[in-house]
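# Reading the structure
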Amino acid sequence: MKIIVEIGTNEQKQLIEQELAFLDDVVEKSDPPVDLHQVIVASDFQLKINELEGTDTYKASRGEGSMRINAMARVAKLKDGFAIVLSPLLYSELQDTQTRLFTVFHEFHHIINKRDFPSIPRGSYVKAQYLHNLYSLYDEYSSDRFAYGLLDKAFDSKSHFWDSFVRSETDGVIGLITDPKYYDGIRNEIQAFRLHANVELFLNKTRLYFDEVAISLAHIWALSHHYPDRVAKASLLRSPFVNDRTIALMEYLKNKREQQSNDLFDGVDLITDFMINFGMKFEHRDYGFYCHVLDI
């Protein structure tokens, strides 16, 4: 594994390389091996991702104003393996070794999942869609749990930066899943669907809402399951997207992680029920598939 640092003085580069050497031991112990070839601290994060993947479409930030979210790290696909690309924002005064390594470990586990997740059967488009969403959530959940666990092993005591990071992560996710713009946005699109009856338009309009909320739920439950005292159950229940269906799915992810199992084929019913929270239920039909748009 090659470490490439594009920021800082020579002394700073050396310190960054020493910090990232934590990952060397993890990579060496991976069995079977993981195709991680490079870890790059990029001077221009967005440009580096597009350069490595031969595109010009990747955007490192989304949203505007106070809702603007900047990506801190990403796995990039190389011709013969993968690279982890880190944003220079990780090296601001708000971060330290522990918060940065959590991000690195999380991204590394995404590569493990790319190696270990089974191929999704394509016999049924509807089942494949549900499994794709289920594996996407488990990818984030399991990568968080992996990173939290490694960090606990590496550091007996946590820094105030780490405590601030966990508090900020908790507050940020709770803020997102309880923000009325997501629930109201989906309800508005459901009402609009009643007039235009265009399933594809409804799915396109609601996809971003679903992605942001569903992934956020996976993150906050991973944190809650690892640090039960850091997330108040009452705070989670304030979200209109949190109910028995959500809790059942998150417990399922927890059990799969504890079993070290990547076989999620028995979870289709759970992800089907979970997506009803977003007004979606897919059905196979002879000509393809249909999405029932349900009231929420």
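Let us look at the structure shown here. Treat the numbers as computed from the prediction; the structure is a model and nothing was measured. (Residues numbered from 1 in each chain as written. Predicted model: local features only at pLDDT ≥ 70, side-chain atom pairs only at ≥ 80, totals over all residues. Heavy atoms only, no water.)

### Section: unusual backbone geometry
Formally: Numbering goes from the N terminus for both helices and strands, where a helix is a DSSP run of H or I of at least four residues and a strand is a run of E of at least two. Three labels apply to residues, based on accessible area from a 1.4 Å probe with only protein chains included: buried if under 20% of the type maximum, exposed if over 50%, partly exposed otherwise in between.
With an omega of 0 degrees, the peptide bond running from D31 to P32 counts as cis. Inspection of the secondary structure assignment puts P32 in the loop between α2 (22-28) and β2 (36-41). A positive phi angle is found at A197, which is not glycine, with a value near 55 degrees. At Q260, a residue that is not glycine, the phi angle is positive and equals roughly 55 degrees. With respect to the helices and strands, Q260 occurs in the loop between α10 (244-258) and α11 (268-276). A relative accessible area of 57% means that Q260 is categorised as exposed.

### Quick word on the packing of helix α6 (residues 160-178) against helix α8 (residues 199-226)
As a reminder, the rule being used: A fitted line through C-alpha atoms represents every axis, and for helices the fit uses only the stretch in contact; the resulting angles, taken between N-to-C directions, go from 0 to 180 degrees. Oblique is the label for any angle not under 35 degrees, not over 145, and not in the 65 to 115 range, which are roughly parallel, roughly antiparallel and roughly perpendicular in turn. Here a crossing is called left-handed whenever its near helix is offset anticlockwise from the far helix by less than a right angle, and right-handed whenever the offset is clockwise. Contacts were defined at the residue level, with two residues in contact if any of their heavy atoms lie within 4.5 Å. Polarity classes work like this: nonpolar for Ala, Val, Leu, Ile, Met, Phe, Trp, Tyr, Cys and Pro, charged for Asp, Glu, Lys and Arg, and polar for all others, with Gly in that last group.
One way to put it is that α6 packs onto α8 with a least axis distance of 10 Å and a crossing angle of 140 degrees. Put simply, α6 runs oblique to α8. In the packing of α6 onto α8, the handedness of the crossing is left-handed. Within the contact between the two elements, α6 uses V166, E169, T170, V173, I174, L176 and I177 and α8 uses E212, V213, S216, L217, H219, I220 and L223. A per-class count over the contact of α6 with α8 returns 9 nonpolar, 3 polar and 2 charged.

### Overview of the packing of helix α7 (residues 180-196) against α8
Put simply, α7 and α8 touch, their axes get as near as 10 Å, and they point 170 degrees apart. By the angle class used here, α7 and α8 are roughly antiparallel. The residues of α8 that touch α7, namely those facing K181, Y182, G185, I186, E189, I190, F193 and H196, are V199, L201, F202, K205, T206, Y209, E212 and V213. The residue inventory of the contact of α7 with α8, partitioned by class, reads 9 nonpolar, 3 polar and 4 charged.

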